[in-house]
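# Commentary on secondary and tertiary structure
Here is what each chain is made of, one letter per residue.
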Amino acid sequence: MDAPQHRITLAESEMPTRWYNIVADLPEPLPPMLHPGTHEPVGPEDLAPLFPPALIEQELGTERYYDIPEEVQEVYRLWRPSPLIRATRLERELGTPARLYVKYEGVSPAGSHKPNSAVPQAYYNHQAGITRLTTETGAGQWGASLAFACAQYAMECEVWQVAGSFDSKPYRRLMMETFGAQVHRSPSDLTEAGRVIQASHPGTTGSLGIAISEAVEAAVQSPTTSYALGSVLNHVLLHQTIIGEETLLQLAKVGETPDLLIGCTGGGSNFAGLAFPFLRETWAGRMTPALRAVEPAACPSLTRGTYAYDFGDVAGMTPLMKMHTLGSGFMPSAIHAGGLRYHGMAPLVSHLYHHGHLEAVAKEQAECFDAGALFARCEGIIPAPESTHAIAELVAEGRRCAESGEEKVVVVGLSGHGHLELPAYGDHTAGRLRSSAADDPDLDAHLRGSMAALPEVRAS
Ligand SMILES: *Cc1c(COP(=O)(O)O)cnc(C)c1O
């Protein structure tokens, strides 16, 4: 038998030139975003203070495809198309008859999928005359991505970084600063939202919800400043669909049809980016893969959350979005996967999960890092802590197939590398992630509190 092709690449000229908007094909209509004051559906004029017209069109629009501007394609080509890798050494290690494929986004400038959306967001803002972008960041992945993207268009970039990550992950901050950004520890005393949280939760390690409040507050105060969000919103998920479009082309090259796709979910963007083009193919009757989201047990918005209208931030400044949520006041414990510590899930991912188009599982850190380290030893790539959640499910599925003898084709989204998160692997090696306190032993109590505080929304 011929050795299987290990690295399935596309030529630069084969890079997809359109993003796929799943809203055009949804079998059930997506509940609209609501204005936080009136509870009426949000229109383009409501979003105008925050986003440029092109992004508002992509956020609310129903076109099936949006062309990727030439100026964005040019930047994408610094690292795209990204490789699809057949994990043959992992297959051998697991003794599995399944064929395991990995779509690897760690080749980007920030080391993750996030520049796929940071670059077009910076581009459209630049086109609209915006000179400065503000944002939040957890582990620093989104901040580094936006810092890089702003550098492409000579824009300023100001980042509020969740305090826990700011303190424990200095290298991401240095990366952001190298790309030219200014970085603040959140909660900061530069904003009203930050000062309020500091007063009510002294010594807090912060959260993405708080950092979002701060970045939004800073953006609305200047007409030439906009806010950029790294996940959750429809336009962000749209930009990430280049991942799935490339994967479809790559699988076709080796004559494979997937049985299962797996991705980790924080706000849902890398998972959606991989999965949505495959849902289109499913609805067109061309394949029937299962689509499985993997989230941390300490922040389980899909598997333990409620499907309800909630705010995207802690201060209640964002529109209300119908999503799987743990409550915007939920403070996730300080797990290493900073990018998965978000109380809600993208409205599109939540909606599709609610209607049974997607599956979800939750995993604890120790299993994830076991799988991440195993994957690193086999394939030579150290997955980001977030990505280890997807890899853990890949390993679990490989083992299930080893027992059942099923020759499944499994594709996993490897959203980024963990080179700047090595202290987390150090904790794993030293056995410090084994105790249940490494996740959230008080999850039930925390959830009872935060879910009781969901906003009341008039029937819609
Ligand atoms: C931010 C991040 C995630 C989580 O964000 P999603 O929007 O759910 O994709 C996952 N993996 C990596 C490497 C990240 O940086």
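Thresholds applied
Residues numbered from 1 in each chain as written. Predicted model: local features only at pLDDT ≥ 70, side-chain atom pairs only at ≥ 80, totals over all residues. Heavy atoms only, no water. UniProt positions renumbered as here; feature names shortened; annotations may be inferred. Helix = DSSP H or I, 4+ residues; strand = E, 2+ residues; numbered from the N terminus. Rg over C-alpha atoms; globule rule 2.2 N^0.38 Å. Buried < 20%, exposed > 50% of the residue type's maximum accessible area, 1.4 Å probe, protein only. Contact = heavy atoms within 4.5 Å. Areas by Shrake-Rupley, 256 points an atom, 1.4 Å probe, with all protein chains shown as cover. Lys, Arg positive; Asp, Glu negative; His and termini not counted. Charge placed at Lys NZ, Arg CZ, Asp CG, Glu CD. Salt bridge = Lys/Arg side-chain N within 4 Å of Asp/Glu carboxyl O. Pairing = 2+ DSSP bridges. Axes fitted to C-alpha atoms, helices over the stretch in contact; angles between N-to-C directions. Near = heavy atom within 4 Å. Polar contact = N/O pair within 3.5 Å; in protein donor to acceptor, adjacent residues only side chain to side chain. Parallel < 35°, antiparallel > 145°, perpendicular 65-115°, else oblique. Nonpolar A, V, L, I, M, F, W, Y, C, P; charged D, E, K, R; others polar. Core = buried A, V, L, I, M, F, W, Y, C linked by side-chain atoms within 4.5 Å. Phe/Tyr/Trp six-rings, centres within 6.5 Å; stacked < 30°, edge-to-face > 60°. Lys NZ or Arg CZ within 6 Å of the ring centre and 35° of its normal.

Labelled according to an unreviewed UniProt entry, the protein appears under the name tryptophan synthase, originating from Arsenicicoccus bolidensis. Looking at the Sequence similarities (unreviewed entry) heading of the UniProt record, one finds this comment for the protein: "Belongs to the TrpB family."

For the protein, the count of helices and strands is 18 helices and 15 strands. For 460 residues, the compact-globule estimate of 2.2 N^0.38 gives 23 Å, and the protein sits close to it at 20 Å. Each principal axis of the C-alpha atoms in the protein carries an extent, and together these give about 65 × 50 × 45 Å. Sorting the 460 residues of the protein into buried and exposed places 63% on the buried side. Contacts in the protein between residues far apart in sequence, at least 24 positions, make up 76% of those at least 6 positions apart. Per element, the accessible surface of the protein, about 16,800 Å² overall, is 50% carbon and sulfur. The average position of the 33 basic charges and that of the 53 acidic charges among the side chains of the protein differ by 5 Å.

Bringing the pattern of salt bridges into the picture now. A complete count under the given rule lists 28 salt bridges for this structure. Here the salt bridges share partners, and the residues they tie into one network are Arg-292, Glu-359, Lys-363, Glu-367, Glu-393, Glu-397, Arg-400 and Lys-408.

If you trace the 4 strands from one edge of the open sheet to the other, you get S8-S7-S6-S9, paired in parallel fashion. For this open sheet the edge positions go to strand S8 (182–186) and strand S9 (225–227), each flanked by a neighbour on one side alone. Within this sheet the neighbouring strands show an average axis-to-axis angle of 20 degrees, counted without direction. As defined by bridge partners, strand S6 (residues 132–137) adjoins strand S7 (residues 156–162) across 6 bridges and the pair is classed as parallel. Bridge pairing links Thr-135 to Val-159 in S7.

Another point: the site of the ligand. The local shell around the ligand holds 19 residues, among which Lys-114, Ser-231, Gly-266, Asn-270 and Ser-415 are the closest. Between the ligand and His-113 there is a distance of 3.0 Å, counted from an oxygen atom to a side-chain nitrogen or oxygen. Take Gly-268: an N or O atom from its main chain is 2.8 Å from an oxygen atom of the ligand. Protein coverage of the free-state accessible area of the ligand, which is 380 Å², stands at 98%.

The geometry of helix H15 (residues 365–379) relative to helix H17 (residues 422–429) is characterised by a closest axis approach of 10 Å and an angle of 105 degrees between their N-to-C directions. Considering their axes alone, H15 and H17 lie roughly perpendicular with respect to each other. Facing H15, whose interface residues are Ala-366, Phe-369, Asp-370, Gly-372 and Ala-373, H17 presents Ala-424, Tyr-425 and His-428. Partitioning the contact of H15 with H17 into residue classes produces 5 nonpolar, 2 polar and 1 charged.

Let us look at the nonpolar core. Generally speaking, nonpolar side chains in soluble globular proteins are found buried as a group. Core analysis: the biggest nonpolar cluster contains 59 residues, and Trp-19, Tyr-76, Val-119 and Tyr-227 have the highest contact counts within it. Those residues in contact with Val-119 that lie beyond four places of it in its chain are Val-72, Val-75, Tyr-76, Trp-79, Phe-148, Ala-149 and Tyr-153. Within the second largest apolar cluster, 32 residues are counted, among which are Leu-251, Ala-272, Phe-276 and Ala-293.

Before going further, it helps to examine the packing of aromatic side chains. Overall, the coordinates contain 7 aromatic pairs when judged by the stated rule. Residues Phe-369 and Tyr-425 carry aromatic rings whose centres are separated by 5.1 Å and whose planes lie at 85 degrees to one another, so their mutual orientation is edge-to-face. Placement of Phe-369 in helix H15 and of Tyr-425 in helix H17 is noted, with a sequence separation of 56 residues between them. For Phe-369, a relative accessible area of 2% gives the class buried. Grouped by ring-pair contacts, the aromatic residues Tyr-76, Trp-79, Phe-148 and Phe-179 constitute a single cluster. The residue whose ring lies beneath Arg-18 is Tyr-65, and the NZ or CZ to ring-centre distance is 3.7 Å. In this structure, Arg-280 packs its charged tip against the face of Tyr-20, placed 4.7 Å from the ring centre.

Following Arg-80, the chain continues to Pro-81 via a peptide bond in cis, the omega torsion being -10 degrees. Structurally, Pro-81 is set in the loop between helix H3 (70–76) and strand S4 (84–86). Cis geometry is adopted by the peptide bond preceding Pro-187, which originates at Ser-186 and carries an omega value of 5 degrees. In this fold, Pro-187 is placed in the loop between S8 and helix H9 (192–200). For His-39, which is not a glycine, the phi torsion comes out positive at approximately 65 degrees. With respect to the helices and strands, the residue His-39 is situated in the loop between strand S2 (18–20) and helix H1 (44–47). The exposure class of His-39 is buried, given its relative accessible area of 17%. In the Ramachandran plot, Val-232 falls in the positive-phi region, its phi being about 70 degrees despite a non-glycine side chain. Residue placement: Val-232 occurs in the loop between S9 and helix H11 (234–253). Accessibility expressed as a relative area gives 4% for Val-232, which makes it buried.

What follows is about the UniProt feature "domain: Tryptophan synthase beta chain-like PALP" (unreviewed entry) in the protein. The feature "domain: Tryptophan synthase beta chain-like PALP" (unreviewed entry), as annotated in UniProt, sits at residues 78–416 in this numbering. In residues 78–416, helix accounts for 45% and strand for 19%; the two terminal C-alpha atoms are 16 Å from one another.

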